[in-house]
Amino acid sequence: MGLLDGLLWRGRADQFDSGSASSNAIELTKRHGQVSLTKQDAATGHLRINLNWRMRTSDFGGPQRESLLRHPFKALKPPEVVGHSQSMVNVDLDLGCLYELQDGTKGVVQPLGGFLGDVNAPPYVKLSGDDRFGSASGETIYVNLDHRDAIKRLLVFAYIYDQTPAFDRTQAVVTLYPSNGPRIEIHLDERHPQARSCAVVMIENVKGEILVRREVKFVYGFQGELDRLYGWGLQWGRGYKTKAQR
């Protein structure tokens, strides 16, 4: 059973990698890390934010490579990438969001503690549920941008629960699906073997413009450490997932 931070709270020009036309995706990178949803006419409706992860079979004892003498062209074939299943590996990545509203209200939306939020009332952020085994759908947060004037900033983060592989082995990707225009992808593939949490992306209301900025900052603690890094000022304590949540 893993220890996590459970919440004990009181109450410019766009630069990005456009990607290929076939994928219809923007990839936020270190070099080009920000995009404006407002300038894409995508700052309304529901913004869907999805966390999905995969692993290569070589990471958890997949099938042995066939003889290269018999099959010389196998050397040119990349390792098979497959989705997780409970029988393959015990993986539990969680998606969460620290929020701050314009009226000063702050809090968190996350599976731990059942803080699932609300999409039609403050904080206008809702988590679909807790995916414990890396299903095809992953975990999804919805942000109601029809209430963007009430939102100051949202920090979307991911954390590893329990005895799971490091981020650089999970092939994790966070994808934002705006109401208009291409999807936005952030890959969590940097090598931080001991990191337990990652601040992925900041969504900020800057003078009425909704900006999406890549963060990808790994930390070795949990939500409380992300809070301190970004100055949220919540009070945190230890927390566990219940048997039902696991």
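Residues numbered from 1 in each chain as written. Predicted model: local features only at pLDDT ≥ 70, side-chain atom pairs only at ≥ 80, totals over all residues. Heavy atoms only, no water.

(A) Layout of the nonpolar core. One finds L176 and L188 to be the most contacted residues of the largest nonpolar core, which totals 43 residues. Excluding its chain neighbours within four sequence positions, the residues that come into contact with L188 are A158, F167, A172, V174, C198, V200, V216 and F218. The next biggest cluster of nonpolar side chains, apart from the first, holds 14 residues, and it includes L98, Y230, L234 and W236. (Core = buried A, V, L, I, M, F, W, Y, C linked by side-chain atoms within 4.5 Å. Buried < 20%, exposed > 50% of the residue type's maximum accessible area, 1.4 Å probe, protein only. Contact = heavy atoms within 4.5 Å.)

(B) Representation of the confidence of the model for the chain within the structure. Looking at the chain, the pLDDT average stands at 77 and 65% of residues meet or exceed 70. Averaged over each element, pLDDT in the chain is lowest for strand β6 (residues 81-83) (43) and highest for strand β3 (residues 34-36) (97). Across residues 7-22, where pLDDT falls below 50, the model places 41 contacts with residues more than four positions away in sequence or in other chains. Overall, residues 131-136 carries pLDDT values under 50, and its contacts beyond four positions in sequence, including any with other chains, amount to 21 contacts. (pLDDT = per-residue confidence, 0-100. Helix = DSSP H or I, 4+ residues; strand = E, 2+ residues; numbered from the N terminus.)

(C) Molecular detail of the pattern of salt bridges. Per the counting criterion, the structure on display carries seven salt bridges. In this structure, the salt-bridge partner of E185 is R183, at a minimum N-O distance of 3.0 Å. A residue is classified by how much of its surface remains accessible, and E185, at 16% relative accessible area, is buried. R183 sits in the partly exposed class, given a relative accessible area of 25%. Here E190 and R214 are joined by a salt bridge, their closest N and O atoms 3.1 Å apart. Of this pair, E190 sits in the loop between β14 (183-187) and β15 (197-206) while R214 sits in strand β16 (residues 209-219), and the two are 24 residues apart along the sequence. By the burial criterion, E190 is buried, and R214 matches it. (Salt bridge = Lys/Arg side-chain N within 4 Å of Asp/Glu carboxyl O.)

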